[in-house]
Amino acid sequence: QVQLVESGGGLVQPGGSLRLSCAASGFTFSSYIMSWVRQAPGKGLEWVSDIFSSDDRTYYADSVKGRFTISRDNAKNTVNLQMNSLKPEDTAVYYCSVDWGMTNYWGQGTQVTVSS
């Protein structure tokens, strides 16, 4: 079955960087668009970024454009999110996600806290 496992979160000061990773299994990873989404405390889910399967096209929410970079390694079935110039408003649980079959799958999430 589809499994997504995020890692790499933590506590970082404003202006700092973190690199999140998501290990995927249970489906043909190289054939699917992979996404990162986040949920801040007390708020709804926010889409962050997509990376396409065929040509590695990337898309970003305006709130993270220029600061975050999504990438994928199809040989390792991983998708990464490099986050630079972090702001307190980036504090959230970050999830990787895939639409497989008729279902949207998420991992368990990884907490990112940006605070001084």
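I will try to describe carefully the structure that is included in this document. (Residues numbered from 1 in each chain as written. Predicted model: local features only at pLDDT ≥ 70, side-chain atom pairs only at ≥ 80, totals over all residues. Heavy atoms only, no water.)

### Re the overall build of the chain
When helices and strands are counted, the chain shows 0 helices and 11 strands. Traced from its N-terminal end to its C-terminal end, the chain shows the element sequence β-β-β-β-β-β-β-β-β-β-β. Computed over its C-alpha atoms, the radius of gyration of the chain comes to 13 Å, within 12% of the 13 Å expected for a compact globule of 116 residues. Here the C-alpha coordinates of the chain stretch approximately 40 × 25 × 20 Å along the principal axes. Across the 116 residues that make up the chain, the buried fraction comes to 42%. Taking the intrachain contacts of the chain between residues at least 6 apart in sequence as the baseline, contacts between residues at least 24 apart amount to 52%. For the chain, the accessible area works out to roughly 6,000 Å², and carbon and sulfur atoms hold 49% of it. Put simply, the chain has 9 plus and 10 minus side-chain charges, and the middle of one group is 4 Å from the middle of the other. (Helix = DSSP H or I, 4+ residues; strand = E, 2+ residues; numbered from the N terminus. Rg over C-alpha atoms; globule rule 2.2 N^0.38 Å. Buried < 20%, exposed > 50% of the residue type's maximum accessible area, 1.4 Å probe, protein only. Contact = heavy atoms within 4.5 Å. Areas by Shrake-Rupley, 256 points an atom, 1.4 Å probe, with all protein chains shown as cover. Lys, Arg positive; Asp, Glu negative; His and termini not counted. Charge placed at Lys NZ, Arg CZ, Asp CG, Glu CD.)

### Examining the environment of Thr 91
Within the secondary structure layout, Thr 91 lies in the loop between β8 (78–83) and β9 (92–100). A relative accessible area of 14% places Thr 91 in the buried class. Sequence spacing of Thr 91 and Pro 41 is 50 residues, and the spatial spacing of their C-alpha atoms is 8.0 Å. With near-sequence residues (within four places) excluded, Thr 91 lies in contact with Ala 40, Pro 41, Gln 111, Val 112, Thr 113 and Val 114. Side-chain polar atoms of Thr 91 contact the backbone nitrogen of Val 114, separated by 2.9 Å. (Polar contact = N/O pair within 3.5 Å; in protein donor to acceptor, adjacent residues only side chain to side chain.)

### Notes on the pairing of strand β10 (residues 103–106)
Each regular strand shows side chains that alternate between the opposite faces of the sheet. With 4 bridges joining them, β9 and β10 adopt antiparallel strand pairing. Following the sheet pairing, Ser 97 is matched in β10 by Trp 106. Linkage of β9 to β10, two consecutive antiparallel strands, is achieved through a turn of 2 residues, within which Gly 101 is found at a positive phi near 65 degrees. (Pairing = 2+ DSSP bridges.)

### Section: the sheet that holds strand β7 (residues 68–73)
Strands sit in the order β1-β3-β8-β7 across an open sheet of 4 strands; the sheet is antiparallel. Every interior strand has two partners, whereas the edge strands, β1 (3–7) and β7, have only one. With direction set aside, neighbouring strand axes in the sheet form an average angle of 15 degrees. For β1 and strand β3 (residues 18–25), the ladder comprises 5 bridges, and the chain directions are antiparallel. Bridge pairing links Gln 3 to Ser 25 in β3. (Axes fitted to C-alpha atoms, helices over the stretch in contact; angles between N-to-C directions.)

### What about the state of the cysteines?
A full pass over the atoms with the stated rule returns 1 disulfide. Through a disulfide, Cys 22 is tied to Cys 96; the S-S separation comes to 1.9 Å. Residues Cys 22 and Cys 96 share a disulfide whose torsion about the S-S bond is about 40 degrees; that sign makes it right-handed. Pair noted here: Cys 22 is in strand β3 and Cys 96 is in strand β9, with a separation of 74 residues, a long-range link. (Disulfide = S-S within 2.5 Å.)

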